[in-house]
Amino acid sequence: VLRLISQLLLHPSPAQLASQAETIADLSFQRDMLLRQIADERERWQSERDMWSRTADILVAKARVAHEPLAKDAEALRYVARLEDDLKTSRRRLADTQTRLSALERELTKIRPLISLHATILKD
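Below or above, wherever it landed, is the structure these notes cover.

1. Here we look at the overall build of the protein
Each helix and strand in the protein was counted, giving 2 helices and 0 strands. Taking all 124 residues of the protein together, 0% fall into the buried category. Carbon and sulfur atoms make up 63% of the accessible area of the protein, which amounts to about 11,900 Å² in all.

2. Some thoughts on a nonpolar patch on the surface
On the surface, Ile111, Leu114, Ile115, Leu117 and Ile121 cluster together to form a nonpolar patch covering roughly 490 Å² of accessible area. Take Ile115: it is sitting in helix α2 (residues 14-123).

3. A few points about the pattern of salt bridges
Taken as a whole and assessed by the stated rule, the structure comprises 3 salt bridges. A salt bridge links Asp32 to Arg31; the nearest nitrogen and oxygen atoms lie 3.0 Å apart. By relative accessible area, Asp32 is classed as partly exposed at 31%. A salt bridge links Arg44 to Glu41; the nearest nitrogen and oxygen atoms lie 2.6 Å apart. Highlighted residues: Arg44 and Glu41, both in helix α2, separated by 3 residues, approximately one helical turn. Here the residues in one salt-bridge network are Glu41, Arg44 and Glu48, joined through shared partners.

4. Overview of α2
Each full turn of the α-helix corresponds to 3.6 residues, which orients residues three or four apart in the same direction. Over its 110 residues, α2 extends 157 Å from the first C-alpha to the last, a length consistent with the 164 Å expected when each residue adds 1.5 Å. For α2, the principal kink sits at Ile111 and spans about 35 degrees; a proline, Pro113, occurs within the next four residues.

What counts, and at which threshold
- Residues numbered from 1 in each chain as written.
- Predicted model: local features only at pLDDT ≥ 70, side-chain atom pairs only at ≥ 80, totals over all residues.
- Heavy atoms only, no water.
- Helix = DSSP H or I, 4+ residues; strand = E, 2+ residues; numbered from the N terminus.
- Buried < 20%, exposed > 50% of the residue type's maximum accessible area, 1.4 Å probe, protein only.
- Areas by Shrake-Rupley, 256 points an atom, 1.4 Å probe, with all protein chains shown as cover.
- Patch = residues over 30% accessible without salt bridge, like charges linked within 9 Å, V, L, I, M, F, W, Y side chains within 5 Å.
- Salt bridge = Lys/Arg side-chain N within 4 Å of Asp/Glu carboxyl O.
- Expected span 1.5 Å × (residues − 1).
- Bend = angle between axes of the 7 residues up to and from the residue.

Listed below in structure tokens is the structure:
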């Protein structure tokens, strides 16, 4: 049995060699096709990743630009609120000053006759 098996392994028939060569050629072709398909798929995936990355960058930039005026508006609103508070404080001070001025003017009108009377008394 060993002699029969060893003789087949050492001297294969030409048909068997042709069949094996054809099988090897077919398998090599299939491997090359699969490798090309894998390379094509990787390129496609990379281009899709690049596209999604660019799209995300654009969306982030648009969101940043869209929020920028909102931030400026919020800052302007805070500034206006501070100015309004300052205006209220200034109006209160003005009202207090006008009240004191009115009180001083009333006192002056009351004191004026006394001062003129006092001046005439001193002249005499």
